[in-house]
Amino acid sequence: MRLRDYLRINVWLLPIILILLPITLIIFGSSYLSTPNTYFNTQLNDGWSVSHGDNHYENVNLKNFNLGNTSKGDVVTITSTIPNMTAPAAAIMFRSILSTVTVWIDDEQVYEYGKDFADKNLMLPKHYNFISIPESAIGKTITITFDVTENNAFSGISPVYYGNLFELERSYLQSKRLDLFIGIFLCLFGFMLLTLSSYLYMYHGQDLSLIFSSVISFNLGAYILCYNDLFNFIGDNDFYFCIMEYVTLYSIPFSIIVFLVSTHPELNTNLAKVFLSINILFPALTLILQLTNLVHINYFVTALHIMALLEAAIFLPRLVMNIYRRYQSRKNSPDYTGMTSDSILIIGLVIFIFCCVIDIAKYNFFNEFGGGGVAYTGITFMNLGALGFVMSLFVFYFYHGIEHINAAYVKEHLEGLAYTDPLTGLMNRAKCMQYMATVKGNYALISIDMDNLKPVNDTLGHLEGDRMIRCFSDILKQAFDGASLIGRTGGDEFLVAIENPESGICEKMIEKLETLMAVFNDADKKIRLSASCGFAYSNEPKLTDANSVFIMADTRMYRIKEQHHEDKLSKFLDDIISGKISQKGGEEGT
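The paragraphs below set out a description of the structure included in this document. Remember, predicted model here, so these are calculated numbers, not experimental data.

Scoring rules and cut-offs
- Residues numbered from 1 in each chain as written.
- Predicted model: local features only at pLDDT ≥ 70, side-chain atom pairs only at ≥ 80, totals over all residues.
- Heavy atoms only, no water.
- Helix = DSSP H or I, 4+ residues; strand = E, 2+ residues; numbered from the N terminus.
- Buried < 20%, exposed > 50% of the residue type's maximum accessible area, 1.4 Å probe, protein only.
- Contact = heavy atoms within 4.5 Å.
- Areas by Shrake-Rupley, 256 points an atom, 1.4 Å probe, with all protein chains shown as cover.
- Pairing = 2+ DSSP bridges.
- Expected span 1.5 Å × (residues − 1).
- Salt bridge = Lys/Arg side-chain N within 4 Å of Asp/Glu carboxyl O.
- Patch = residues over 30% accessible without salt bridge, like charges linked within 9 Å, V, L, I, M, F, W, Y side chains within 5 Å.
- Axes fitted to C-alpha atoms, helices over the stretch in contact; angles between N-to-C directions.

**Observations concerning the overall build of the protein chain**
Scanning the protein chain for helices and strands turns up 17 helices and 14 strands. Expressed as a percentage of its 590 residues, the buried residues of the protein chain come to 45%. Within the protein chain, contacts between residues separated by at least 24 positions form 76% of all contacts whose residues are at least 6 apart in sequence. About 30100 Å² of surface is accessible on the protein chain, with carbon and sulfur atoms providing 60% of the total.

**As for the pairing of strand 2 (residues 48–52)**
Of all 5 residues in strand 2, 4 are buried; the element is thus mostly enclosed. Sheet topology places strand 2 next to strand 3 (residues 55–60); 4 bridges connect them, and they run antiparallel. Residue pairing for strand 3: Ser-51 is matched across the bridge by His-56. Count of turn residues in the strand 2/strand 3 antiparallel hairpin: 2 residues, of which Gly-53 carries a positive phi of about 65 degrees.

**Quick look at helix 6 (residues 209–227)**
Turn by turn, an α-helix covers 3.6 residues, leaving residues three or four places apart pointing in a common direction. With 19 residues, helix 6 ought to run about 27 Å at 1.5 Å a step, and its terminal C-alpha atoms sit 27 Å apart, in line with that. In terms of burial, helix 6 is largely enclosed, as 15 of its 19 residues are buried. Backbone geometry just after helix 6 places Asp-229 at a positive phi near 65 degrees.

**Looking at the pattern of salt bridges**
Tallied over the entire structure, the rule returns 12 salt bridges. Note that Arg-467 and Glu-464 form a salt bridge whose closest N and O atoms lie 2.5 Å from each other. Taken together, the residues Arg-467 and Glu-464, both in helix 14 (residues 462–479) and 3 residues apart, mark about one turn of the helix. The exposure class assigned to Arg-467 is partly exposed, which follows from its relative accessible area of 23%. Linking Asp-524 and Arg-467 is a salt bridge whose minimum nitrogen-to-oxygen distance equals 3.0 Å. One end of the pair, Asp-524, is in the loop between helix 15 (505–523) and strand 14 (531–537); the other, Arg-467, is in helix 14, with 57 residues separating them in the sequence. We classify Asp-524 as buried; its relative accessible area is 15%. Shared partners join several salt bridges into a network, and the residues in it are Arg-95, Lys-126, Asp-229 and Glu-245.

**Describing a nonpolar patch on the surface**
A surface patch of nonpolar side chains, amounting to about 260 Å² of accessible area, comprises Leu-20, Ile-23 and Ile-27. With respect to the helices, strands and loops of the structure, Ile-23 is situated in helix 2 (residues 13–29).

**As for the pairing of strand 7 (residues 108–113)**
By the bridge criterion, 5 bridges tie strand 6 (residues 99–105) to strand 7 in an arrangement that is antiparallel. Following the sheet pairing, Thr-102 is matched in strand 7 by Glu-112. The turn linking strand 6 back onto strand 7 is made up of 2 residues, and Asp-106 within it adopts a positive phi angle of 55 degrees.

**Quick notes on the sheet that holds strand 1 (residues 41–43)**
An order of 1-10-5-8 is seen for the 4 strands of this open sheet, with the pairing classed as antiparallel. Sheet topology places strand 1 and strand 8 (127–132) at the edges, where each strand pairs with a single neighbour. Between one strand axis and the next, the sheet turns by 20 degrees as a mean value, whatever way the strands run. By the bridge criterion, 6 bridges tie strand 5 (residues 90–96) to strand 8 in an arrangement that is antiparallel. Looking at the pairing, Ala-91 lines up with Ser-132 of strand 8. With respect to the sheet, helix 4 (residues 165–175) is in contact with strand 1, strand 5, strand 8 and strand 10 (160–164), its orientation differing from that of strand 10 by roughly 125 degrees.

**As for unusual backbone geometry**
Positive phi, normally seen in glycine, also occurs at Asn-452, with a value near 70 degrees. Here Asn-452 shows up in the loop between strand 11 (443–450) and helix 13 (453–460). For Asn-500, which is not glycine, the phi torsion reads 50 degrees and is therefore positive. As for its position among the elements, Asn-500 is in the loop between strand 13 (493–499) and helix 15. Here Asn-500 falls in the exposed class, since its relative accessible area comes to 60%.

See the structure below:
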């Protein structure tokens with residue numbers, strides 16, 4: 001089946017994925033799956049007093065308030081009144097970024113976080129703070145102080161929530177349902193690709209591009225889960241998850257470029273090698289600087305944005321041009337369908353890069369000008385782009401597999417035409433010579449010469465001679481079943497090769513050949529099959545290569561052939577003496 005036929009049969013795959021994907025996203029992102037709250041639960045946006053250095057602001061809405069870039073040593077204090085609403089296990093929940101936190105209710109300090117990190121000059125991770133609110137605290141003043149420990153730590157104050165502790169956590173996870181779904185799906189998909197690629201590489205010698213695809217999926221999935229703080233709710237090691245967030249983010253460009261180079265060798269230029277080296281060193285060096293506490297890992301995000309955009313501007317046009325040239329060379333091919341693995345890949349990559357550019361622009365805009373700063377922005381577009389890109393990788397391998405099967409079929413078909421004897425279906429002389437040049441180890445060669453071909457051609461015609469060769473070849477296939485090679489090296493000359501032969505296997509197979517020829521001769525009254533066979537084993541003394549083994553087998557075959565001639569001549573003389581020759585009418589001459 002040609003590539004066009006495969007794609008016609010499976011053309012439904014891509015539309016179904018494109019239809020099911022948005023439906024799934026709509027379901028997971030909607031509020032239909034959300035559980036309604038039983039108790040009072042709210043986000044405290046309005047009525048805050050905010051102090052930042054010498055600046056003081058009253059009646060602030062946190063969602064619309066941008067502090068500007070904060071610097072190490074800055075102190076940000078926000079103050080409000082606890083709502084006059086009760087709930088069992090009431091608590092206030094908010095996120096702190098690269099800052100220590102201190103909380104007072106009226107003049108009593110009730111909570112503190114991060115002082116131990118700050119005293120050691122360690123990077124403070126993102127952290128979700130939960131402060132229990134007893135009924136006696138309702139209506140009192142709550143003051144939250146952030147001591148900033150890094151430059152450009154945050155530009156907006158994260159939302160502050162008040163309500164039942166359990167429902168606060170559940171509501172947050174429900175709001176991140178889509179991110180949770182995409183992140184877990186990408187991680188599981190990466191694990192599946194890694195398992196499959198490891199098997200294919202070890203047992204079938206496939207390339208490494210599938211492994212790099214799994215790395216892409218892992219990096220994207222883990223980064224989405226870390227960025228949206230979803231790991232923080234299932235573990236208590238915020239520092240580890242924070243480092244994981246940056247390392248996976250910094251590794252994404254490397255995994256994408258190495259995948260593109262592995263699947264498109266024309267991209268493997270000196271410039272690509274330079275960028276690959278930079279992309280390998282970037283996450284490694286930033287992690288080393290973080291672990292040695294020389295420079296914290298959060299300072300390199302802007303450098304990553306610049307590097308990623310530069311690489312996209314360099315590699316994407318080159319990839320598109322290479323695919324366009326390939327299209328121009330293949331568009332008139334009878335197998336061309338207009339939809340190839342490369343076109344699927346480039347669509348997914350363009351969508352992913354476009355979504356990343358939107359989120360990078362949004363991040364930097366909100367950091368400088370947007371209401372609420374980066375505390376109220378996210379990576380929504382990148383999530384969708386990552387999912388779309390990984391899905392395009394899946395479809396890419398689907399189409400790529402079809403193209404590979406088609407190419408293998410064409411190659412096998414052409415090799416069959418080049419190495420198959422058209423009359424018998426056996427291997428031809430060229431294939432036999434190629435086999436002889438490469439065979440090694442323990443093997444046996446059997447040289448076979450079919451008798452009486454010339455008399456049949458001379459008396460019955462070449463059509464009957466061809467039938468004789470075909471019938472003999474069919475018997476060879478039966479007699480030497482399991483042989484590594486059965487070939488026709490000339491008009492009536494044949495070669496059989498047996499690898500790792502058992503003791504006496506050649507004698508047994510030749511005996512089977514003689515039995516099958518006898519059965520044929522009893523049934524066919526027009527032609528009579530017979531053959532001379534000689535064999536040799538590669539482990540015999542003084543036989544050093546396949547050529548010497550074949551010469552020995554051929555020499556022994558000719559000895560058998562001479563013996564057949566002597567036997568036939570002796571029988572002919574006996575028939576003359578006994579008078580049978582006149583009665584047979586020259587039958588033996590046939």
